[in-house]
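Listed below, chain by chain, are the residues.
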Amino acid sequence: LLVLIGQNKMYGQCLPAVPCATGSINDYSCINLGNSSDLEANGKLLPFPGTASTQPQKIVVASYITFDDDYEFAPGTEIIMLPGALLDIYSDVRFIGQVTIKGCGGTWFGIRVRSNGTLSMKNSFMLNACEGIMLNSNSKAEITANTFIDNKKCIQAEGAVTLLGEGIAHNMFDQQTNSFPGCDPLSIPTAITLTNVPQITIGDVAQSGAPNEFFNYTYGIDAKNSNVDVIN
């Protein structure tokens, strides 16, 4: 059952069975597509500022969520992305502490951070994405102490991006499968891809804490027409 509310705003009930759900599917908020501000207003996302940053959520995304206002997911949140699904960020969005974003029944597309958008992802998990985190030119990000498993691409940056805090540091990238159904068959499994980036540092400038670690990827870091320093 799907209910259409205005243009490009659709909310729905979960399918009877989502095999990747932990516990009852009735515990999940099921979203087909919509803007985050509308999803908050309709009770599909917890409000921010408010309980969103303190109360874990369980969410299934069938198509996409466009974040048109600032938002923060509480520690322990679980987001199941159905095949091809996308999180599109135009605002400031934070995944802080044990947030899990994973595919179910196939690969999902990824998290796209638009120009002037900001992503903070710390101590969290991303699994089964085709394109991973895509940082557009003039976006901002801090991506630290996360675990990336079985994503064909984990982090991509194109153009002038700004890294905040510790930047891209203390992450673990692990490719445990060679099968990525639904992804571009010509793309090569790569943990970090840089394209036309004027300058970027990968790793903690203070050279403290755990390093970035890469396991089993064809390319750890692939940089084209970019200037990159790799530290720690």
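## Quick notes on the pairing of strand 13 (residues 129-135)
With 7 of 7 residues buried, strand 13 lies mostly within the body of the structure. As judged from the 5 bridges shared by strand 10 (residues 108-113) and strand 13, these two strands associate in the parallel manner. Residue Trp 108 lies in a different strand from strand 13, and its bridge partner there is Ala 129.

## A word on the pairing of strand 6 (residues 78-81)
Of the two faces of strand 6, both are covered, the one formed by Glu 78 and Ile 80 as well as the one formed by Ile 79 and Met 81. In terms of strand pairing, strand 6 meets strand 9 (residues 100-103) through 4 bridges, oriented parallel. Bridging from a neighbouring strand, Ile 79 pairs with Ile 101 of strand 9.

## What to know about the packing of aromatic side chains
Under the definition given, this model contains 7 aromatic pairs. Taken together, a centroid distance of 6.0 Å and an interplanar angle of 85° make the contact between Phe 67 and Phe 73 edge-to-face. A relative accessible area of 1% places Phe 67 in the buried class. Among the aromatic residues, ring-to-ring pairing joins Phe 48, Phe 67, Tyr 71, Phe 73 and Phe 95 into one connected group.

## Some details on the state of the cysteines
One pass over the full model with this rule turns up 2 disulfides. A sulfur-sulfur distance of 2.3 Å marks the disulfide that ties Cys 20 to Cys 104. Disulfide Cys 20-Cys 104: torsion about the S-S bond near 95°, hence right-handed. With Cys 20 in the loop between strand 2 (10-12) and strand 3 (29-35) and Cys 104 in the loop between strand 9 and strand 10, this pair connects stretches of sequence that are 84 residues apart. Not part of a disulfide, Cys 154 finds its nearest cysteine sulfur in Cys 183, a span of 11 Å.

## Digging into the confidence of the model for the chain
For the chain, the average pLDDT comes to 92, and 93% of its residues sit at 70 or higher. Low pLDDT, under 50, characterises residues 1-12; the predicted model gives this stretch 27 contacts beyond four residues in sequence or across chains.

## Quick look at the nonpolar core
Buried together is how nonpolar side chains tend to be arranged in soluble globular proteins. Counting 45 residues, the largest nonpolar core has Phe 73, Phe 95, Ile 101, Ile 111 and Ile 133 as the members making the most contacts within it. Excluding anything up to four places from it in sequence, Phe 73 contacts Leu 45, Ala 52, Gln 57, Ile 59, Phe 67, Ile 79, Val 93, Arg 94, Phe 95, Ile 96 and Val 99. Counting residues in hydrophobic clusters, the runner-up holds 9 residues, among them Val 18, Tyr 28, Cys 30 and Leu 82.

Conventions we followed
- Residues numbered from 1 in each chain as written.
- Predicted model: local features only at pLDDT ≥ 70, side-chain atom pairs only at ≥ 80, totals over all residues.
- Heavy atoms only, no water.
- Buried < 20%, exposed > 50% of the residue type's maximum accessible area, 1.4 Å probe, protein only.
- Helix = DSSP H or I, 4+ residues; strand = E, 2+ residues; numbered from the N terminus.
- Pairing = 2+ DSSP bridges.
- Phe/Tyr/Trp six-rings, centres within 6.5 Å; stacked < 30°, edge-to-face > 60°.
- Disulfide = S-S within 2.5 Å.
- pLDDT = per-residue confidence, 0-100.
- Contact = heavy atoms within 4.5 Å.
- Core = buried A, V, L, I, M, F, W, Y, C linked by side-chain atoms within 4.5 Å.

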